[in-house]
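Structural characterization, general
Chain by chain, the residues:
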Amino acid sequence: MQLLSNLIQHCRKLIYILIFGLASSANAATGDTTLTWYGQSAFVLTTPKGHVVLFDPWFANSMNPQGDKVADSLQHVDLILVSHGHFDHVGAAAAISKRTGAKLVANLDLGENLVRYGGFPKENVSYATLANSGGQLSFFDGEVEILMVPAVHSSHISGKDLGVSGDDEEHWGGNPAGFVVKIAGGPTIYHTGDTDLFQDMALIPQFSHIDWMLACIGDHFTMGPSRAAAAVALVKPTHVVPMHYGTFLPMMTGTPEAFKAELDKRKLSKTYSPMRVGVPIQM
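Below, the structure is looked at part by part. What you see is a predicted model, and the numbers here were worked out from it, not measured in a lab. (Residues numbered from 1 in each chain as written. Predicted model: local features only at pLDDT ≥ 70, side-chain atom pairs only at ≥ 80, totals over all residues. Heavy atoms only, no water.)

A word on the pairing of strand E12 (residues 188-191)
On E12, burial covers both faces: Thr188 and Tyr190 on one face and Ile189 and His191 on the other are all buried. Across 4 bridges, the pairing between strand E11 (residues 177-183) and E12 is antiparallel. Pairing of Val180 across the sheet is with Tyr190, part of E12. The loop that links E11 with its antiparallel partner E12 comprises 4 residues; one of these, Gly185, has a positive phi angle of about 75°. Where E12 and strand E13 (residues 212-216) come together, 3 bridges link them in parallel fashion. (Buried < 20%, exposed > 50% of the residue type's maximum accessible area, 1.4 Å probe, protein only. Helix = DSSP H or I, 4+ residues; strand = E, 2+ residues; numbered from the N terminus. Pairing = 2+ DSSP bridges.)

So, the sheet that holds strand E6 (residues 130-131)
Taking strand neighbours across the sheet as the criterion, the 7 strands line up as E6-E5-E4-E3-E2-E1-E15 in an open arrangement whose pairing is mixed. Among the strands making up the open sheet, the edge pair consists of E6 and strand E15 (281-282). As judged from the 3 bridges shared by strand E3 (residues 52-55) and strand E4 (residues 79-81), these two strands associate in the parallel manner. In the strand pairing of E4, Leu54 is matched with Ile80.

Some remarks on the pattern of salt bridges
Scanning the entire structure with this criterion turns up 4 salt bridges. Two residues, Glu262 and Lys265, come together in a salt bridge whose shortest N-O distance is 3.4 Å. Here Lys265 and Glu262 lie together in helix H9 (residues 256-265), a separation of 3 residues that amounts to about one turn. By relative accessible area, Glu262 is classed as buried at 15%. Exposure remark for Lys265: the relative accessible area of 62% places this residue in the exposed category. Beyond isolated ion pairs, a larger network of salt bridges with shared partners links Glu262, Lys265 and Arg266. (Salt bridge = Lys/Arg side-chain N within 4 Å of Asp/Glu carboxyl O.)

Purely geometric numbers; function is a separate question.
Structure below.
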């Protein structure tokens, strides 16, 4: 009986490893880059070598049925990219960094004020990971290169909004940003952050072809479907993923269907590559 009990326990451990361990590192074994969307502008990117990069980790949004469980489940994170200071983009960045040691990638002013007012651990913020528009950062012996690009939006930090203090004063969050992330041997991804359409988007593909563009489409606070489709025409990505929609209703009126229709008008329908919340894709 003891032998049978030991065998059952061994099988249970093996099943646990197969489900939870191999699933999280399968991309490292296959050499794939994986990307998972969790609603709003929150994404988890895993590189072929197993490095984990977060974009705007507000997992507790209404599009994501898993909510805070996603943040709590992340045991290994290397970098957290935050495009600007609003709570729906900073999200759980500070808590995740405290637990995992993940470094903050953001504009200089945002990084410094997230430490002062947003609860972000000071030891995980440095000039090595902070930049401004036009700055390019390299990580993991060049496996991940990040170019910070402009975004047309606003940015402030409120400790109360972030749930780290009762201070509801709004502090400067620096210039909003987007990120062009190039993976060695993998794709180049442009996360627009929150932005409107602007003509300088046309300069981005002059320096690197964009394989995947993650484009805000919600309107009211950012560009809507029509202007987002015009942005796609400027950037010329192979794929575009709509994001930042469906949360702050009824204000945010942009929908994936309207975005698809606008792409069709511009003969860009082949680029349309919507993602499902919580479902990873191999890139």
